[in-house]
Amino acid sequence: ASGPMAPDSMVLPYASLVLEQRSGQVASIPSSAFFPPNPPSEAVLAKYYADNAAKFTIPEKRAISYALFDKTIIAARAKPSEADIAAYYKANAAKYSASETRNISQVIVPTEAAAKSVVSQVNAGKSLAEVANGLGLAVTTANNVAKSNLAGTASPAVADAVFAASKGSVAKPARGKLGWTVVRIDAVNQVAAKSLVAARSEIETELTKTRSEEMLTEMTAEIEDSFADGSTIADMAKQNGLKVETSPKLLANGQNMANPAYKPIPEMSVILPAAFQLDTKGEAQLVEIVPGEKFAMISFADFDEAAPPPLADVRPIVQQQWALAEGAKGARAAADRIRKAIDSGQPLQAALAAANIQGAQVESIKGTRADLSREG
C-alpha cells in the first residue's frame, strides 16, 4: 500500500546531504560594462543577424476567411405549418387527453401477511407513519404519480390497486418489485384534456426545436460534403445567405504583428487552432464554435511563412542584441580573469576591486541544500 522503505544505510547519508550547509560569495559581472563603444558596421550586423536568425524569427502568420452562422439561420424554414401541428396533435392524442395522477404515501413490507396487518392497523385508526415506525420502516411519498409510471417503477398490480382506491383510503396490498406495497391515496389530481387550440403553442415550440436540430444537422453535413467535393467558402456562403469576412494575418495566438491594438473576435479562439491545421492548398472546413448551436466555415486566405523580418525593420533590436552578445563575451573574459586571481589566493572582493568593473556586485549567500530546493 505504501511502497518499499529505504534502508537505514541510505537514509542517514541522504538526510546529511540535504542538511549540508555552505556559505560563500557570488560576484555578478554585468554585460553592460563591456558594451562596444562604437556601433557595428553594416557587414558585422548583417552577419550577426544571419547567424542568429532563429532568435529573431516571427512565427507563421495566417489570414483566415470565415463565415459564421448559428441555428437561427434555419428558424424560418423549421417553423411548422398548421397541418404539421394538427398531425402532431393527432399522433400524440394520449398526451393531450384527460388524465389523472395521484399523490401517495407508501410503505413496503416483505410479506403479504405483514401488508395486511399494516392495512388493518391503519383502518383501525393508526396513521401509516405510526405503523411503519413500529416496524422499523419509513414512509415515502410521491406527488403527481401517473398510473403508467407507477406500473413501471413498482408493478402493474400496485398501479391497478392504487388507481382503484379512493382519496384518503388505503389501497389493497399488492406485490411490487421490492416487496408488498401498502399505499395511502393522499390526493387525486384530475388533469383536463387539452384542445388543439390550447396545445398549439406548446406543439409549435416542440416541433420547431426538433426540426431545427434535424435541419441544422442536415445543413452542416451538406456543407462538409460540398467542401469535400471542391466547393469554396464563397460558394457555400452565397448559397446560405452568409457574409464572408477575412481576418488580417495573425499569429496562432491571435496577435496581429502589424497592429498591436487589434483584438480578434471571440470566435477566433476556436477558429485559429483549426485554421493553423489547414493545408495551405486544402479544402475549406466547417468548425463547430458552440456544439450544436454555432458554426464557422473557414478557409485559408493568405500566409507569411515563419521567418526573420527584414533587418531594416528590426535594426534597433538587432543592434541591441549584438551589443549584449559582445558585452557578454567581455564579461565572461573578465570573470575568468577574476576566477584565476581567486584561485591564486586573492580574496574575491580584492580581485573584483582590482578589475574595476562598473556595476559589478558581490552578494553573500548561506544555506543548506534543502534551502536551495525550497520554492521561492
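Look a little higher up for the structure.
Before going further, it helps to spend a moment on the sheet that holds strand E9 (residues 294-304). One open sheet holds the four strands; their spatial order is E7-E2-E9-E8, and the pairing between them is antiparallel. Looking at strand neighbours, the two that pair on one side only are strand E7 (245-246) and strand E8 (285-290), the edges of this open sheet. With two bridges connecting them, strand E2 (residues 61-70) and E7 associate as antiparallel partners. Bridging across to E7, Ser-65 finds its partner in Thr-246. Strand contacts of helix H13 (residues 268-275): E2, E8 and E9, with the helix running at about 125 degrees to E2, the strand carrying the most contacts.

Once that is clear, we can look at the sheet that holds strand E3 (residues 99-109). Where strands meet in a sheet, backbone hydrogen bonds hold them as pairs that are either parallel or antiparallel. Across the sheet, which stays open at both edges, the four strands sit in the order E4-E3-E6-E5 with antiparallel pairing between neighbours. At either margin of the open sheet sits one strand with a lone partner, and together these are strand E4 (140-146) and strand E5 (174-175). Bridge count between E3 and strand E6 (residues 180-191): 11 bridges; the pairing is antiparallel. Bridge pairing links Val-107 to Val-182 in E6.

For the structure on display, the rule yields five aromatic pairs. Residues Tyr-49 and Phe-56 carry aromatic rings whose centres are separated by 5.4 Å and whose planes lie at 50 degrees to one another, so their mutual orientation is tilted. Residue Phe-56 is classed as buried on the basis of its relative accessible area of 12%. Aromatic ring contacts, followed pair by pair, group Tyr-48, Tyr-49 and Phe-56 into a single cluster. Here the guanidinium or amino end of Arg-62 rests over the ring plane of Phe-276, the centre of that ring lying 5.5 Å away.

Moving on, we get to the pairing of E2. The buried fraction of E2 amounts to eight of the 10 residues, a majority that puts the element mostly inside the structure. Pairing analysis gives 10 bridges linking E2 to E9, with the strands arranged antiparallel. Each residue of the ladder has a partner; that of Ile-64, found in E9, is Phe-300.

Taken N-terminus to C-terminus, the directions of helix H2 (residues 42-51) and helix H14 (residues 315-343) make an angle of 85 degrees; their axes are 10 Å apart at the nearest point. As judged from the angle between their axes, H2 and H14 are roughly perpendicular. Between H2 and H14, the residues in contact are Glu-42, Val-44, Leu-45, Tyr-48 and Tyr-49 and Arg-315, Val-318, Gln-319, Gln-321, Trp-322 and Ala-325, respectively. By residue class, the composition of the contact of H2 with H14 is seven nonpolar, two polar and two charged.

Parameters and conventions
Residues numbered from 1 in each chain as written. Predicted model: local features only at pLDDT ≥ 70, side-chain atom pairs only at ≥ 80, totals over all residues. Heavy atoms only, no water. Pairing = 2+ DSSP bridges. Helix = DSSP H or I, 4+ residues; strand = E, 2+ residues; numbered from the N terminus. Contact = heavy atoms within 4.5 Å. Axes fitted to C-alpha atoms, helices over the stretch in contact; angles between N-to-C directions. Phe/Tyr/Trp six-rings, centres within 6.5 Å; stacked < 30°, edge-to-face > 60°. Buried < 20%, exposed > 50% of the residue type's maximum accessible area, 1.4 Å probe, protein only. Lys NZ or Arg CZ within 6 Å of the ring centre and 35° of its normal. Parallel < 35°, antiparallel > 145°, perpendicular 65-115°, else oblique. Nonpolar A, V, L, I, M, F, W, Y, C, P; charged D, E, K, R; others polar.

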